[in-house]
Amino acid sequence: MGNVTAVTEFVLVGFPNSYEVEIIFFVVFLLAYLVTVLGNALIIVLVYTDCHLHSPMYYFLSNLAFIDISVTSSVVPKMLANIMSEKKTISFAGCFSQSYIFFLLATTGFILFAITSYDRYVAICNPLRYPTIMTERVCSQLVLGAWMGGFIWILPSVVLKVRLPYCGPNVIDHYFCDSAPLLHLACTDVQLIELIDFVLSLFLLLSSLALTVVSYAWIILTVFQIPSAQGRQKTFATCASHFTAVSLGFGLSIFLYVRPSQMNSVHLNKILSVLSSLMTPLLNPFIFSLRNQQMKEAWKNVLHNCLGMAKEARKP
């Protein structure tokens, strides 16, 4: 079937508009991208430099921050380049590579969400056994398993799509090589592959969400048994940032991808994809920093050290 393919590149429509509006889009998306990369990179640096954050929860958080940087970097730079270019194209290999990397990272992120919720469950519901259960080796194995799971989960679907015949048209009404608009450019019946995508997305998202919900249900039951109101508030505050990020990630992705056909609302899909691939990674550093006391203390220590170094530098 690959011999039938005549398309060597695809055109990414993006957000067609007047030149002035496209300049505004470029500036807004560029600023959002820079803040996303900077904010998540600072979280990674903070976790690995502050000894108070050397725990499984923050180890998983730093991996989620790395995924946020990578997800955004897989689509936004190409989108920015296309906004400023008259020829808004991407090669055949580049398109499928972008699609695979994006969904690999997203899948790994959802598995890590479930792992992080399990970590919080063990920490709150089994605090005495927590150090023996969530060892450094176990945490590393869980993260490696998340990456391997994402790699294996996405690969069959992408291989099937690459082998489809693409003989034209080659215009993708999106700002990146999303699965549904790319699939519907194939010159053959794609209902089976569309069904496979739907089943894979449904199982991944709902199974990860189920594990997360069950973990938090046990956490809530345990927290209500804490006699001290201050203790309950402190425990809830520890989990609030993770729960907020999980709600954003799962909510948008379920609405976007857990549908038998995703071609009925192309423009809505583009807007939701921007929220999922750019706005959520942008908000996550603020969510984790502002809702987590240990992160706020780490930020204060960093600022204090920076101010101290600045004062020392000014001395003659």
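Values in this document were obtained by computation on a predicted structure and should not be read as measured data.

Our next topic: the sheet that holds strand E2 (residues 89–91). With mixed pairing, the 3 strands of this open sheet are ordered in space as E2-E1-E3. Only two strands of the sheet have a single neighbouring strand rather than two, namely E2 and strand E3 (171–172). Pairing of strand E1 (residues 9–12) with E3, which is carried by 2 bridges, proceeds in the parallel orientation. What sits directly across from valine 11, in E3, is valine 171. In the packing of helix H3 (residues 92–125) onto the sheet, the strands contacted are E1, E2 and E3, and the crossing angle to E2 comes to about 90°.

A separate point is the side chain of serine 179. Mapped onto the secondary structure, serine 179 falls in helix H6 (residues 179–183). Residue class for serine 179 comes out buried when judged on its relative accessible area of 10%. At 2.5 Å, the side chain of serine 179 and the side chain of lysine 161 are in polar contact. Aside from chain neighbours lying at most four places away, what touches serine 179 is Phe103, Lys161 and Asp197.

The next point concerns the state of the cysteines. If you walk through the whole model with that rule in mind, you get 2 disulfides. Put simply, cysteine 95 and cysteine 177 are joined by a disulfide, and their sulfur atoms are 2.0 Å apart. Because the sign of the S-S torsion sets the handedness, a value of about -125° for the bond joining cysteine 95 and cysteine 177 places this disulfide among the left-handed ones. Separated by 82 residues along the polypeptide, cysteine 95 in helix H3 and cysteine 177 in the loop between E3 and H6 bring together distant segments of the chain. The burial state of cysteine 95 is the same as that of cysteine 177; both residues are buried. The side chain of cysteine 167 participates in a disulfide bridge whose partner is cysteine 187; the two sulfur atoms lie 2.0 Å from each other. Residue cysteine 167 is found in the loop between helix H5 (136–162) and E3, and its partner cysteine 187 is found in the loop between H6 and helix H7 (191–224); the two are separated by 20 residues along the sequence.

In E1, alternate side chains face the same way, and those of Phe10 and Leu12 are buried while those of Glu9 and Val11 on the opposite face are not. Here E1 pairs with E2 via 3 bridges, running antiparallel. Bridged to valine 11 within E2 is threonine 89.

A separate point is empty space enclosed by the protein. Throughout the structure, instances matching the rule amount to 5 cavities of 30 Å³ or more. If you add up the space inside the largest cavity, you get close to 580 Å³. Lining the largest cavity are 34 residues, and of these Phe103, Ala106, Thr107, Phe110 and Ser253 sit closest to its centre. When contributions to the lining of the largest cavity are tallied by element, the ones reaching two or more residues are helix H2 (56–83), H3, H5, H7, helix H8 (229–257) and helix H9 (266–290). Here the residues of the lining of the largest cavity are counted per class, giving 19 nonpolar, 12 polar and 3 charged.

Moving on, we come to the nonpolar core. The biggest cluster of nonpolar side chains holds 51 residues, and the ones touching the most others in it are Phe29 and Leu112. Secondary structure elements with two or more residues in this core: helix H1 (19–49), H2, H3, H5, H8, H9 and helix H10 (293–314). With 13 residues, H2 is the single largest residue contributor to this core. Not counting chain neighbours up to four residues away, the residues in contact with leucine 112 comprise Phe60, Asn63, Leu64, Ile67, Val143 and Ala146. Grouped together as the second largest cluster of nonpolar side chains are 17 residues, Ile90, Ile172, Leu183 and Ile193 included.

The rules behind the values
- Residues numbered from 1 in each chain as written.
- Predicted model: local features only at pLDDT ≥ 70, side-chain atom pairs only at ≥ 80, totals over all residues.
- Heavy atoms only, no water.
- Pairing = 2+ DSSP bridges.
- Helix = DSSP H or I, 4+ residues; strand = E, 2+ residues; numbered from the N terminus.
- Contact = heavy atoms within 4.5 Å.
- Axes fitted to C-alpha atoms, helices over the stretch in contact; angles between N-to-C directions.
- Buried < 20%, exposed > 50% of the residue type's maximum accessible area, 1.4 Å probe, protein only.
- Polar contact = N/O pair within 3.5 Å; in protein donor to acceptor, adjacent residues only side chain to side chain.
- Disulfide = S-S within 2.5 Å.
- 1 Å grid on protein atoms, 1.4 Å probe; cavity = no way out; pocket = protein on both sides within 12 Å on 5 of 7 lines; lining within 4 Å.
- Points joined across faces, edges and corners; volume = space filled by probe spheres on them.
- Nonpolar A, V, L, I, M, F, W, Y, C, P; charged D, E, K, R; others polar.
- Core = buried A, V, L, I, M, F, W, Y, C linked by side-chain atoms within 4.5 Å.

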